[in-house]
Amino acid sequence: MAEKLEDLNLPNLTVQKIIKDALPDSVNVGKDARSALSRAASIFVLYITSQATKESQKVNRKTLSGPDIIAALEELEFDEFVEPLQAMLKEFKEAKQKKKSRKSGDVETEENDEVVEEEETGE
């Protein structure tokens, strides 16, 4: 576990970017407000992670998965986050699959190039 309580906080730059992206350009957020939002976000993440851990332990797993997080949100009655998270999880899996497909396609292309090169050189 973390040595200090502060080690559990989300990175300040990450929180700043989230705040900036969520608010109009005309809105400024003070340092104390950013700090409070950072701490609140960290506590929220720990709270959800704790419940998701319980969900994974119910089925004797040690690794958290996306469905564990979704189940935790439902269990803790954060239903308004479930649908957007499911959509993001689906997009993530699709992007991961496309990347994997491209990589395997690259390997096949390299193998085909080697075969063509061998045929051209006769080796």
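Every chain begins its residue count from 1, and numbering advances along the sequence as written. Under the rules for a predicted model, residues below a pLDDT of 70 receive no local features and side-chain atom pairs below 80 are neither given nor counted, while totals for whole chains, interfaces and linings still include all residues. No hydrogens and no water enter the side-chain calculation; it runs on all heavy atoms of the structure.

## What about a nonpolar patch on the surface?
Phase 1: Nonpolar side chains (Val, Leu, Ile, Met, Phe, Trp, Tyr) within 5 Å and like charges within 9 Å form the patches, drawn only from residues with over 30% relative accessible area and no salt bridge. Per-residue and other accessible areas were derived by the Shrake-Rupley procedure at a 1.4 Å probe size, with only the shown protein chains allowed to occlude residues. In what follows, salt bridge is the name for a side-chain nitrogen of Lys or Arg lying within 4 Å of a carboxyl oxygen of Asp or Glu. A contiguous nonpolar surface patch, about 230 Å² in accessible area, is contributed by Phe44, Val45 and Phe81.
Phase 2: Looking at where Phe81 falls in the secondary structure, it is placed in helix H4 (residues 79-121).
Phase 3: Here's how the labels work: a residue is buried when its accessible area is under 20% of the maximum for its type, exposed when over 50%, partly exposed in between, all with a 1.4 Å probe on protein chains only. Among the residues examined, Phe81 registers a relative accessible area of 38% and is labelled partly exposed. Helix and strand assignments follow DSSP, with helices taken as H or I runs no shorter than four residues and strands as E runs no shorter than two, numbered in order from the N terminus.

## Considerations on the pattern of salt bridges
Phase 1: Applying the stated rule across the entire model yields three salt bridges.
Phase 2: Linking Arg61 and Asp68 is a salt bridge whose minimum nitrogen-to-oxygen distance equals 2.8 Å.
Phase 3: Judged by its relative accessible area of 32%, Arg61 is partly exposed.
Phase 4: According to the relative accessible area criterion, Asp68 is buried, its value standing at 5%.

## A look at the packing of helix H1 (residues 12-22) against helix H2 (residues 31-58)
Phase 1: For helices, the fitted axis covers only the stretch in contact; all axes are lines through C-alpha atoms, and the angles between them, taken along N-to-C directions, range from 0 to 180 degrees. The interhelical angle for the contact between H1 and H2, taken along N-to-C directions, is 105°, at an axis separation of 10 Å. With respect to H2, the element H1 is oriented roughly perpendicular. Listed contacts from H2 to Asn12, Val15, Gln16 and Ile19 of H1 are Arg34, Leu37 and Ser38.
Phase 2: Under the scheme applied here, ten amino acids are nonpolar (Ala, Val, Leu, Ile, Met, Phe, Trp, Tyr, Cys and Pro), four are charged (Asp, Glu, Lys and Arg), and all others, including Gly, are polar. Counted by class, the contact of H1 with H2 contains three nonpolar, three polar and one charged residues. Every angle not falling under 35 degrees, over 145, or within 65 to 115 is termed oblique; those three ranges are roughly parallel, roughly antiparallel and roughly perpendicular. The contact criterion used throughout is that any non-hydrogen atoms of two residues lie within 4.5 Å.

## Comments concerning the packing of aromatic side chains
Phase 1: By convention, a stacked pair of Phe, Tyr or Trp rings (six-membered ring in the case of Trp) has centres within 6.5 Å and planes under 30 degrees apart, an edge-to-face pair has planes over 60 apart, and any other such pair is tilted. Per the counting criterion, the structure on display carries four aromatic pairs.
Phase 2: Their ring planes at 90° and their centres at 5.2 Å tell us that Phe44 and Phe78 sit as a pair that is edge-to-face. Here Phe78 lies in the loop between helix H3 (66-75) and H4 and Phe44 lies in helix H2, a separation of 34 residues in the sequence.
Phase 3: Each ring, one from Phe78 and one from Phe81, has its centre 5.9 Å from the other, and the planes form 45°; the classification is tilted.
Phase 4: Among the aromatic residues, those joined into a ring-pair cluster are Phe44, Tyr47, Phe78 and Phe81.

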